[in-house]
Amino acid sequence: MSALPARTIGAMEVRAPHPPVPTAPAQGPAGPSVLDAIRQGHAHTAAVHESLRSEQAVIEAREFSLWYGKRRALYAISMIVARGKVTALIGPSGCGKSTLLRSINRLNDLVEGVRIEGSIVLHGVPVYAPGVDVIGLRKRTGMVFQKPNPFPMSIRENVIYALRINGERRRAVLDEACENSLRAVALWDEVKDRLRHSALGMSGGQQQRLCIARAIVAEPEVLLLDEPCSALDPVATLRIEELIRELSQRYTILIVTHNMQQAARVSDYTAFMYLGRLVEYGSTADVYQNPRLRETEQYVTGRFG
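Residues numbered from 1 in each chain as written. Predicted model: local features only at pLDDT ≥ 70, side-chain atom pairs only at ≥ 80, totals over all residues. Heavy atoms only, no water.

## A few points about empty space enclosed by the protein
Reasoning step 1: What the rule picks out here adds up to one cavity of 30 Å³ or more.
Reasoning step 2: Of the volumes computed, that of the largest cavity is approximately 60 Å³.
Reasoning step 3: Lining the largest cavity, in full, are Ile59, Glu60, Ala61, Met79, Ile80, Val81, Leu100, Ile104, Ile120 and Leu254.
Reasoning step 4: Counting only elements with at least two residues in the lining of the largest cavity, the list comes to strand S4 (57-68), strand S5 (71-82) and helix H2 (97-104).
Reasoning step 5: Broken down by class, the residue content of the lining of the largest cavity amounts to nine nonpolar, no polar and one charged. (1 Å grid on protein atoms, 1.4 Å probe; cavity = no way out; pocket = protein on both sides within 12 Å on 5 of 7 lines; lining within 4 Å. Points joined across faces, edges and corners; volume = space filled by probe spheres on them. Helix = DSSP H or I, 4+ residues; strand = E, 2+ residues; numbered from the N terminus. Nonpolar A, V, L, I, M, F, W, Y, C, P; charged D, E, K, R; others polar.)

As structure tokens, then:
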């Protein structure tokens with residue numbers, strides 16, 4: 001059976017699914033390694049825990065695959081991101097965590113030669129559907145990157161940037177939004193007397209909290225965090241982790257992290273990925289303490305990866 005023709009969304013090619021790929025053999029007590037089977041190109045049915053069935057999905061990936069040119073980065077990912085929870089994506093470098101994260105707000109559209117199959121939906125609406133307002137989509141999904149990236153402008157102007165580009169000009173509204181966002185990231189008391197100073201003069205940890213304040217000022221539906229602590233020292237990392245737990249009371253959060261202890265500390269659910277495939281997904285307590293696959297247990301305990 002041949003694949004159906006591709007269709008185009010903007011500069012991105014969207015293809016119908018290919019025919020089924022042979023599935024990896026089932027893993028018994030002494031059976032073949034799931035990861036070996038994945039390395040050999042076999043499909044893998046993710047071990048998804050029952051705890052997710054009771055959750056309401058804000059984001060859902062449905063058989064989502066992605067290629068960078070001829071290189072396939074994601075293989076038929078199917079998973080939900082639960083409303084009001086922190087979900088961590090873990091796995092070795094190059095396993096597709098950041099690619100999946102950036103697919104949600106279509107940042108991968110900016111990479112030449114990207115094409116996809118399947119779909120991702122946000123509140124039931126496919127984000128790759130024809131006519132989707134990509135700029136509007138990115139406003140609904142606040143993004144924070146690995147390294148702090150404050151704009152070369154004042155602290156205040158950094159925070160309210162999203163509101164300004166939306167056309168908001170009322171000073172009282174902007175001032176209130178700035179203060180509320182800075183308070184939400186526990187930064188207000190540290191910077192309230194120098195809001196007009198350049199954000200580039202802040203410490204790395206302060207800059208990352210500023211970037212989070214900038215991401216939430218327009219009240220996004222989801223907060224996407226791509227290794228937000230990888231460039232920070234341990235003290236600043238602890239502040240960001242505490243902040244993530246506080247923000248989870250208001251936002252659905254999806255975080256990519258290489259730090260197994262960090263995922264255990266901040267997340268409600270953990271998804272283990274390997275070579276572009278979802279391997280196991282469940283509550284963080286279950287994935288760390290009672291995983292279904294021995295490979296998951298080996299990874300979270302640091303015996304490989």
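## Things to note about the sheet that holds strand S9 (residues 141-144)
Reasoning step 1: Read across the sheet, seven strands follow the order S3-S13-S12-S6-S11-S10-S9 without closing on themselves; strand pairing throughout is mixed. Only two strands of the sheet have a single neighbouring strand rather than two, namely strand S3 (47-48) and S9.
Reasoning step 2: Strand direction decides the pairing type here: strand S10 (residues 222-226) and strand S11 (residues 252-256), joined by five bridges, are parallel. Within S11, the position partnered with valine 222 by the bridge is threonine 252.
Reasoning step 3: The sheet contacts of H2 involve strand S6 (86-90), S9, S10, S11 and strand S12 (269-274), and relative to S10 the element is tilted by about 150°. (Pairing = 2+ DSSP bridges. Contact = heavy atoms within 4.5 Å. Axes fitted to C-alpha atoms, helices over the stretch in contact; angles between N-to-C directions.)

## Examining the environment of isoleucine 244
Reasoning step 1: Relative to the assigned elements, isoleucine 244 resides in helix H9 (residues 234-247).
Reasoning step 2: Judged by relative accessible area, isoleucine 244 falls into the buried class, the value being 1%.
Reasoning step 3: Between the alpha carbons of isoleucine 244 and serine 267 there is a distance of 8.9 Å; along the sequence they are 23 residues apart.
Reasoning step 4: In this view, isoleucine 244 contacts Val86, Leu225, Ile253, Ile255 and Val266; residues no more than four positions away in its chain are not counted. (Buried < 20%, exposed > 50% of the residue type's maximum accessible area, 1.4 Å probe, protein only.)

## Considering the nonpolar core
Reasoning step 1: Core analysis: the biggest nonpolar cluster contains 54 residues, and Leu182 and Ile212 have the highest contact counts within it.
Reasoning step 2: Excluding residues that lie within four positions of it along the chain, leucine 182 makes contacts with Val159, Leu187, Trp188, Val191, Leu195, Leu210 and Ala213. (Core = buried A, V, L, I, M, F, W, Y, C linked by side-chain atoms within 4.5 Å.)

## Describing the confidence of the model for the protein chain
Reasoning step 1: In this model, the protein chain carries an average pLDDT of 89, and 89% of its residues clear a pLDDT of 70 or more.
Reasoning step 2: Below a pLDDT of 50 lies the segment residues 1-11, which in the model reaches 19 contacts outside its immediate sequence neighbourhood of four places, other chains included.
Reasoning step 3: Contacts from residues 16-30, a stretch scored under 50 in pLDDT, to residues over four places away or in other chains number 30 contacts. (pLDDT = per-residue confidence, 0-100.)

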